[in-house]
Amino acid sequence: MTSIEAATATLTGRAIQNPVLTGFHPDPSILRVGSDYYIATSTFEWYPGVRLHHSTNLVDWAPLGGALNEKRLLDLTGTADSGGVWAPSLTYAHGEFYLLYTDVATFAGGYWDPQNYVVTAPGIEGPWSDPVVLHGRGFDASLFHDEDGSTWMLSMVADARPGHNRFAGISIQRYDRASRKLTGDEHTIFKGTEAKVTEAPNLYRRDGWYYLVTAEGGTSWQHQVTVARSRDILGPYEADPAGPLLTSNGRPELTLQKAGHGSLVETPAGQWYLAHLVGRPYTPLGRCVLGRESAIQEVTWTEQGWPRIAGGIPADTVPAPLGVTVPPERPVSSERQETDDFEAPALGVNWSTLRRPATPDWIDLTSRPSFLRVTGGQSPMARHRPSLVARRVVARSSEFEAVLEFAPRNYRQLAGITAYYNSRNWYFLNVTAEDDGTPVLGLLACDSGTIGVVPGARVDVTGIARLGLKTRLDGEALTFAYATDPDAAEPQWHNLGPAFDATTLSDEYAAKVVAGEPEAWGFTGAFVGLWVQDLGAEGGYADFDRATYKTSG
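Residues numbered from 1 in each chain as written. Predicted model: local features only at pLDDT ≥ 70, side-chain atom pairs only at ≥ 80, totals over all residues. Heavy atoms only, no water.

Visitor: Even after reading the chapter, I still don't get the overall build of the chain, so can you show me in this structure?
Guide: Summing up its helical and strand segments, the chain has two helices and 42 strands in all. Computed over its C-alpha atoms, the radius of gyration of the chain comes to 24 Å, within 12% of the 24 Å expected for a compact globule of 553 residues. When its C-alpha atoms are laid out on the principal axes, the chain stretches across 75 × 55 × 45 Å. Pairs at least 24 residues apart make up 59% of the contacts formed inside the chain by residues separated by at least 6 positions. In the form shown here, the chain has an accessible surface area of approximately 21900 Å², with 50% of it arising from carbon and sulfur atoms. If you average the places of the 45 positive and of the 64 negative side-chain charges in the chain, the two averages end up 2 Å apart. (Helix = DSSP H or I, 4+ residues; strand = E, 2+ residues; numbered from the N terminus. Rg over C-alpha atoms; globule rule 2.2 N^0.38 Å. Contact = heavy atoms within 4.5 Å. Areas by Shrake-Rupley, 256 points an atom, 1.4 Å probe, with all protein chains shown as cover. Lys, Arg positive; Asp, Glu negative; His and termini not counted. Charge placed at Lys NZ, Arg CZ, Asp CG, Glu CD.)

Visitor: Explanation requested: the packing of aromatic side chains in the structure shown.
Guide: Each aromatic ring pair is characterised by the separation of its centres together with the angle its planes make. Scanning the entire structure with this criterion turns up 27 aromatic pairs. Between the aromatic rings of phenylalanine 139 and phenylalanine 167, the centroid separation amounts to 6.1 Å while the plane-to-plane angle is 85 degrees, which identifies the pairing as edge-to-face. Taken together, the positions of phenylalanine 139 in the loop between strand S10 (132–133) and strand S11 (142–145) and phenylalanine 167 in strand S13 (residues 167–176) put the pair 28 residues apart, joining distant regions of the chain. A relative accessible area of 2% means that phenylalanine 139 is categorised as buried. Given the relative accessible area of 16%, phenylalanine 167 is considered buried. Taking 6.2 Å as the distance between ring centres and 75 degrees as the angle between the ring planes, the aromatic pair formed by phenylalanine 480 and phenylalanine 500 counts as edge-to-face. With phenylalanine 480 in strand S36 (residues 477–483) and phenylalanine 500 in strand S38 (residues 500–501), this residue pair connects regions lying 20 residues apart in the sequence. In this structure, phenylalanine 480 and phenylalanine 500 share a single accessibility class: buried. For arginine 206, the ring lying beneath its charged end belongs to tryptophan 301, and the centroid distance is 4.0 Å. (Phe/Tyr/Trp six-rings, centres within 6.5 Å; stacked < 30°, edge-to-face > 60°. Buried < 20%, exposed > 50% of the residue type's maximum accessible area, 1.4 Å probe, protein only. Lys NZ or Arg CZ within 6 Å of the ring centre and 35° of its normal.)

Visitor: Is there a simple way to think about the pattern of salt bridges in this case?
Guide: Oppositely charged side chains are able to pair whenever their charged atoms sit close together. Overall, the coordinates contain 31 salt bridges when judged by the stated rule. Arginine 391 serves as the salt-bridge partner of glutamate 338, at 3.2 Å between the closest nitrogen and oxygen. Of the two residues, glutamate 338 is situated in strand S25 (residues 335–340) and arginine 391 in strand S29 (residues 388–392); the sequence distance between them amounts to 53 residues. Across the pair glutamate 434 and arginine 458 runs a salt bridge, and its minimum N-O distance is 2.7 Å. Placement of the pair is glutamate 434 in the loop between strand S32 (425–433) and strand S33 (439–447) and arginine 458 in strand S34 (residues 450–460), with a sequence separation of 24 residues. By relative accessible area, glutamate 434 is classed as partly exposed at 30%. One salt-bridge network, in which partners are shared between bridges, spans Arg368, Arg373, Glu405, Arg466, Asp487, Asp543, Asp545 and Arg546. (Salt bridge = Lys/Arg side-chain N within 4 Å of Asp/Glu carboxyl O.)

Visitor: Please explain the nonpolar core as it appears in this structure.
Guide: Generally speaking, nonpolar side chains in soluble globular proteins are found buried as a group. In terms of nonpolar packing, the biggest core is built from 50 residues, with Leu441, Leu478, Leu530 and Phe544 touching the most fellow members. The next biggest cluster of nonpolar side chains, apart from the first, holds 35 residues, and it includes Phe44, Trp86, Leu388 and Leu444. (Core = buried A, V, L, I, M, F, W, Y, C linked by side-chain atoms within 4.5 Å.)

Visitor: Would you explain the sheet that holds strand S12 (residues 151–158) in this entry?
Guide: Strand pairing in a sheet relies on backbone hydrogen bonds, with the paired strands running either antiparallel or parallel. Reading across from one edge, S11-S12-S13-S14 is the order of the four strands in this open sheet, with antiparallel pairing throughout. Here the strands that pair on one side only, and so sit at the sheet edges, are S11 and strand S14 (181–190). In this sheet, neighbouring strand axes are inclined to one another by 30 degrees on average, regardless of whether the strands run parallel or antiparallel. Bridge count between S13 and S14: six bridges; the pairing is antiparallel. Counterpart to tyrosine 175 in the pairing with S14 is leucine 182. (Pairing = 2+ DSSP bridges. Axes fitted to C-alpha atoms, helices over the stretch in contact; angles between N-to-C directions.)

Visitor: Can you help me understand the sheet that holds strand S26 (residues 352–354) in this one?
Guide: Judged by pairing direction, the sheet is antiparallel, and its eight strands sit side by side in the order S4-S26-S29-S41-S31-S32-S33-S34 without closing on themselves. In this open sheet, the two strands that pair with only one neighbour each are strand S4 (46–47) and S34. In the sheet, S26 pairs with S29 via two bridges, with the strands oriented antiparallel. The partner of serine 352 across the bridge, within S29, is alanine 390.

Visitor: Looking at this structure, I do not really get the environment of threonine 450. What am I missing?
Guide: Among the secondary structure elements, threonine 450 is positioned in strand S34. Judged by its relative accessible area of 55%, threonine 450 is exposed. Residues threonine 450 and asparagine 425, 25 residues apart in the sequence, show an inter-C-alpha distance of 8.5 Å.

Visitor: I'm lost on the side chain of serine 129 in this one. Help?
Guide: Secondary-structure assignment places serine 129 in the loop between strand S9 (114–121) and S10. The exposure class assigned to serine 129 is buried, which follows from its relative accessible area of 17%. Only 3.2 Å separates the side chain of serine 129 from the side chain of arginine 180, close enough to count as a polar contact. For serine 129, the residues in contact, after removing those within four places along its chain, are Arg72, Leu73, Val119, Thr120 and Arg180. (Polar contact = N/O pair within 3.5 Å; in protein donor to acceptor, adjacent residues only side chain to side chain.)

Visitor: Please explain the environment of arginine 308 as it appears in this structure.
Guide: For arginine 308, the position within the fold is in strand S23 (residues 307–308). With 66 residues separating them along the chain, arginine 308 and alanine 242 place their C-alpha atoms 9.6 Å apart. Among residues more than four places away in sequence, those in contact with arginine 308 are Asp240, Ala242, Leu245, Glu298, Val299, Thr300 and Thr302. Polar side-chain contacts of arginine 308 include one of 2.6 Å to the side chain of aspartate 240.

Visitor: Help me understand the side chain of threonine 503 in this model?
Guide: Within the secondary structure, threonine 503 is located in the loop between S38 and helix H2 (507–510). Within the local environment of threonine 503, its side chain forms a polar contact with the side chain of aspartate 501, the two groups lying 2.7 Å apart. Residues in contact with threonine 503, not counting those within four places in the same chain, are Tyr282, Arg287, Val289, Glu476 and Tyr509.

So this is what it looks like as structure tokens:
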């Protein structure tokens, strides 16, 4: 062991356990500022936009919530399923954090209409500046801050012309920080390799080389991380002759599939790591209910100056960096539980809202202390004012339950809990009213856009002021239950409806391609949450006393 290694030896043997961000956390952009590490991930149609996590050791990651938490920063009104915020880039230079993100409007007919924005802040917690509008030539944009003080914007180049390569390469253009504008000419610096679908560029400088890290092969089983380099920032860039830095392609036995879309970070001790997305299918090359997650791999460098990951495949466990403090692992528990009693003045960092921020006009934590009051929104198919508060599903075995108080005035008012993927695929355990005003508990299911009432799942709840509602995901099985005594020490849960196929809440099930064109994409993973609908816009609302998410195994 060298003196440097001895001085920076890790204080504990606890390793990085992949994925480090479980559940829907794709497209990680990793950054180190001093001894602090940050990861920014895509959020698509969910608020707050761009989810942030913090770590001091690359092993333990704490959620910070989202950066884009108001319409001033991001307007998702009308956003399509799997549209919205794609692949953010988080960087730091000249005493400021820079957050570059793409708002994708469509993917119909080969178009994306990707609008890129950049915001800045003095600290990771904000406040973030008003967005600066940049080009709309492509998505997966990033910023690179060079040693000479210049800043550059990179992105994939989208070409919607029929018969052309829609992933036409990687472009770069200088960004003037003073004027907050792009300046000079656009340069295409890399056309990609035979893997095609070249996207997600990130640029780094090391030992006189510029290293261009891209994603290729598409974001499914053929996904990979490709590295090219040049002595000049404008190229030409030579792809690593050894092939991809990382991929799961052709290795269906691996736990971590879809490995790709990576970004690099260097530790204070001079080690390098790659953050990248992965998927964990329930069966070999099957459906990924947890969506695309984030993992970290250790990177070494060859004598010729190329980065390498052991075996070129994603590892489940990776040694922690040298010189960091990794606290002793907490005692292993068979269950992990998080309960929100709604006593805080704002929603917690693990909650997300669909297509609109959590503003007081529909999210109320003050009118009734220790309750979350949700004013009803539009129908499940509307994309403007839904009232859905949800959290990511992060484990194959998990439960979500809540206590509901709700008095529907008619059949247009519904409130309850949901297991949700997108507007076309969801389950909804809800209280509503019959034509004669009788309050009833029932189940709705939506499969690929077709909504149906689950037969036999109907309970008269007349006179029941407080109702416990629960959904459980146990591998491929999804079930629902209710309790009329939710405040008892051990509530009596009653199953409602059959066991459903949980894998319908997956990226793979949601994606639809018709005549070679995507009719729907699936990029977001499964959620569970609280849903209130007021289809007649009559001021209906529901109160939730508490909500608990629990994982087991």
